[in-house]
Amino acid sequence: MKRNLLFGTMALLAGSLLAANAAPKDDLTAAAKKRADKDNYAWKQTIANAGGGGFGGGASEGKTEKDGYLWLSMTMRDNTIEAVKKGDKGAIKTQDGWQSISEATSGDPGPATFIARRVQSFKAPTAQAMDLADKVKELKQDGDVYSGDLTEDGAKSQLMFGGRGGGNGPEISGAKGSVKFWVKDGVLSKYEIKVQGKVSFNGNDRDVDRTTKVEIKDIGSTKITVPEDAQKKLS
């Protein structure tokens, strides 16, 4: 009888702990979903590498419509790249005009290929936030701020920069990272990702220490105008 009571008490405590750990994640996911359910919104993303410079640094802007277009403007070095997506189709603006994702990734590997793959795997902030919540070891809540350390696989996914794994992708070691989310009035407003690790590609090793900040803005007042040439590439 005592043994059954002990086991029952342990099971109850374990269930309470699991429920406590799940609560912050459920709340954050709900806050991200509320934002995703809005008709439209925009965001600004900044990427900074420790020590300045470094691969992948820069700023970008984005806009998205519910069940509609997603538009991106990315600054890479001295170049600004535009891209647009709708569903599983996408297009990027190159020196030769608009190209579909399939066109940009079908030729010899080059800058356009890299950009196209980033666009192809890109997720809107709300979707990325929900994905990140699944990659945290333990999500903790302090008021309207949620934070936690990424799993090793979660940190690796952020160091990939939209690249593909396997033999064609970079090798990553020593991956670690953390995330922080801010919620305002029950809705996701911004988040920050910090990752570190060594990325090896084509015989070149690079130590990465990168911070990505995403701030959501212009909810309900964002409009996207897609050029006719770009629309043709999405058909």
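Anyway, here's the lowdown on the structure attached to this text. (Residues numbered from 1 in each chain as written. Predicted model: local features only at pLDDT ≥ 70, side-chain atom pairs only at ≥ 80, totals over all residues. Heavy atoms only, no water.)

What to know about the pairing of strand β4 (residues 79–86)
- When strand β3 (residues 70–76) meets β4, the two strands line up antiparallel, connected through seven bridges. Paired with T75 across the two strands is T80, which belongs to β4. (Pairing = 2+ DSSP bridges. Helix = DSSP H or I, 4+ residues; strand = E, 2+ residues; numbered from the N terminus.)

Section: helix α5 (residues 152–159)
- Residues of α5 that are buried: G154, A155, Q158 and L159. Around the axis of α5, the buried residues are gathered within 140 degrees of arc, so they sit on the same side.
- Packing partners of the buried residues in α5 comprise α4 (125–133), β9 (171–184), β10 (187–201) and β11 (204–217). (Buried < 20%, exposed > 50% of the residue type's maximum accessible area, 1.4 Å probe, protein only. Arc of directions from axis to C-beta. Contact = heavy atoms within 4.5 Å.)

Some points on the pattern of salt bridges
- For the structure on display, the rule yields nine salt bridges.
- Between E152 and K156 there is a salt bridge, with its nearest N and O atoms 3.9 Å apart. Note that E152 and K156 are positioned in helix α5 at a spacing of four residues, about one turn of the helix.
- Through salt bridges with shared partners, one network takes in K123, D131 and K135. (Salt bridge = Lys/Arg side-chain N within 4 Å of Asp/Glu carboxyl O.)

Quick word on the environment of K140
- In this fold, K140 is placed in strand β7 (residues 140–142).
- The sequence separation of K140 and P24 amounts to 116 residues, and the corresponding C-alpha distance is 6.3 Å.
- Residue contacts for K140: discarding those within four places in its chain leaves V145, Y146 and S147.

Quick look at the pairing of strand β8 (residues 145–149)
- Here β8 shows a buried face lined by Y146 and G148 and an unburied face lined by V145, S147 and D149.
- Judged from the three bridges that link them, β7 and β8 form a sheet pairing that is antiparallel. Directly across from D142, in β8, lies its bridge partner V145.
- Hairpin connection, β7 to β8: the antiparallel pair is bridged by two residues, and G143 has positive phi, about 65 degrees.
- Summarising the sheet, β8 and β9 pair through five bridges and their orientation is antiparallel.

Brief notes about the nonpolar core
- With 40 residues, the main nonpolar core has L28, I92, L150, F181, L188 and Y191 as its most contacted residues.
- When sequence neighbours within four positions are dropped, the list of residues in contact with I92 reads E82, A83, G97, W98, Q99, I101, A104, A112, I115, A116 and V119.
- Counting nine residues, the second-largest nonpolar core is a separate cluster that includes Y69, W71, I224 and V226. (Core = buried A, V, L, I, M, F, W, Y, C linked by side-chain atoms within 4.5 Å.)

Comments concerning the packing of aromatic side chains
- In the structure shown here, the tally under the stated rule is three aromatic pairs.
- Pairing F181 with Y191 gives two aromatic rings, centres 6.0 Å apart and planes at 40 degrees, and the pair type is tilted. Within this pair, whereas F181 is found in strand β9, its partner Y191 is found in strand β10, the two being separated by 10 residues in sequence.
- Residue F181 is classed as buried on the basis of its relative accessible area of 0%.
- When its relative accessible area of 2% is taken as the criterion, Y191 is described as buried.
- Aromatic rings pair up to connect Y41, W43 and F122 into one cluster.
- The ring centre of W71 lies 5.2 Å from the NZ or CZ of K63, which sits over that ring.
- One cation-aromatic arrangement involves K190 over W182; the distance from NZ or CZ to the ring centre is 4.8 Å. (Phe/Tyr/Trp six-rings, centres within 6.5 Å; stacked < 30°, edge-to-face > 60°. Lys NZ or Arg CZ within 6 Å of the ring centre and 35° of its normal.)

Remarks on the sheet that holds strand β2 (residues 58–65)
- Across the sheet, 11 strands lie side by side as β6-β5-β4-β3-β2-β1-β11-β10-β9-β8-β7; this open sheet has antiparallel pairing. Edge positions in the open sheet fall to β6 (97–100) and β7, since each of these has one partner strand only. Going from strand to strand, the sheet's axes swing by 20 degrees on average, the running direction of each strand aside.
- Inspection of the sheet shows strand β1 (residues 40–49) paired to β2 by eight bridges, in the antiparallel sense. Across the sheet, residue K44 finds its bridge partner in β2, namely E61.
- This element, α4, spans β1, β9, β10 and β11 of the sheet and lies at about 65 degrees to β10.
- Contacts from α5 reach β9, β10 and β11, with the element oriented near 90 degrees to β9. (Axes fitted to C-alpha atoms, helices over the stretch in contact; angles between N-to-C directions.)

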